[in-house]
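Per-entry structural report
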Amino acid sequence: QVALEESGGGVSQAGDSLNVSCAGADHMFRIRAIAWFRQAPGKERAFVAGINWQGTVTDLVDSMKGRFSISRDHATDTVYLQMNNLKPEDTAIYYCARKSNGAVGRDADAYEYWGQGIRVTVSS
């Protein structure tokens, strides 16, 4: 079975930090890029951060730079999104997705497998 499972979401206050993780089954992240997307209330799903299969190249949208970081651990088949200095506008459902190849990219259509999403709520 192919499965991605996000964990670590919850309720935080502005300025706090949160580390969410995405675990893949049976080394399913091998030679594949992984990305985080989010969908805020009333908005469309948007790319947040991505990492290539080696873990040597990352891509973050400008609004996340300096606050968020993405990393991966092949030994545990896990990808992390570290979120620092959280803001109320970070409130969203966060999704982990596996790309069809190993290169980073922002096009959601290039991601073939998706997690169920986890809720992150940031209060002011």
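Heads up: the structure comes first, above all this text.
Residues numbered from 1 in each chain as written. Predicted model: local features only at pLDDT ≥ 70, side-chain atom pairs only at ≥ 80, totals over all residues. Heavy atoms only, no water.

Structural notes on the overall build of the chain
- Assigned secondary structure in the chain consists of zero helices and 11 strands.
- Listed by position from the N terminus, the elements making up the chain come as β-β-β-β-β-β-β-β-β-β-β.
- The C-alpha radius of gyration computed for the chain amounts to 13 Å, which stays within 12% of the reference 14 Å derived for 124 residues, consistent with globular compactness.
- Counting only C-alpha atoms and orienting by the principal axes, one finds that the chain spans roughly 40 × 25 × 25 Å.
- Taking all 124 residues of the chain together, 44% fall into the buried category.
- In the chain, the proportion of contacts linking residues at least 24 apart, taken out of those at least 6 apart, comes to 60%.
- On the chain, roughly 6300 Å² of surface is accessible, and the fraction owed to carbon and sulfur atoms is 45%.
- The average position of the 13 basic charges and that of the 14 acidic charges among the side chains of the chain differ by 3 Å. (Helix = DSSP H or I, 4+ residues; strand = E, 2+ residues; numbered from the N terminus. Rg over C-alpha atoms; globule rule 2.2 N^0.38 Å. Buried < 20%, exposed > 50% of the residue type's maximum accessible area, 1.4 Å probe, protein only. Contact = heavy atoms within 4.5 Å. Areas by Shrake-Rupley, 256 points an atom, 1.4 Å probe, with all protein chains shown as cover. Lys, Arg positive; Asp, Glu negative; His and termini not counted. Charge placed at Lys NZ, Arg CZ, Asp CG, Glu CD.)

Topic: the sheet that holds strand 8 (residues 78-83)
- Here four strands make up an open sheet; going across it, the order is 1-3-8-7 and the pairing antiparallel. For this open sheet the edge positions go to strand 1 (4-7) and strand 7 (68-73), each flanked by a neighbour on one side alone. Neighbour-to-neighbour, the strand axes of the sheet open up by a mean angle of 15 degrees, direction not taken into account.
- In the sheet, strand 3 (residues 18-24) pairs with strand 8 via six bridges, with the strands oriented antiparallel. Of the residues in strand 8, the one forming a bridge with Asn19 is Gln82. (Pairing = 2+ DSSP bridges. Axes fitted to C-alpha atoms, helices over the stretch in contact; angles between N-to-C directions.)

Notes on the nonpolar core
- Ranked by internal contacts, the top residues of the largest apolar core, which has 32 residues, are Trp36, Phe68, Leu81, Met83 and Tyr94.
- Counting residues per element, the ones that place at least two in this core are strand 3, strand 4 (34-39), strand 5 (46-51), strand 7, strand 8, strand 9 (92-99) and strand 11 (118-123).
- Ignoring sequence-local partners within four residues, the contact set of Met83 consists of Asp16, Ser17, Leu18, Val20, Arg67, Phe68, Tyr94 and Val120. (Core = buried A, V, L, I, M, F, W, Y, C linked by side-chain atoms within 4.5 Å.)

Considerations on the environment of Met28
- Along the polypeptide, Met28 turns up in the loop between strand 3 and strand 4.
- Taking the relative accessible area as the measure of exposure, Met28 reaches 7% and is therefore buried.
- Considered as a pair, Met28 and Asp77 are 49 residues apart in the sequence and their alpha carbons are 7.3 Å apart.

Observations concerning the state of the cysteines
- Counting across every chain of the model gives one disulfide.
- Shown here is the disulfide that connects Cys22 with Cys96, its sulfur atoms set 2.0 Å apart. Disulfide Cys22-Cys96: torsion about the S-S bond near -80 degrees, hence left-handed. Of the two residues, Cys22 is situated in strand 3 and Cys96 in strand 9; the sequence distance between them amounts to 74 residues. (Disulfide = S-S within 2.5 Å.)

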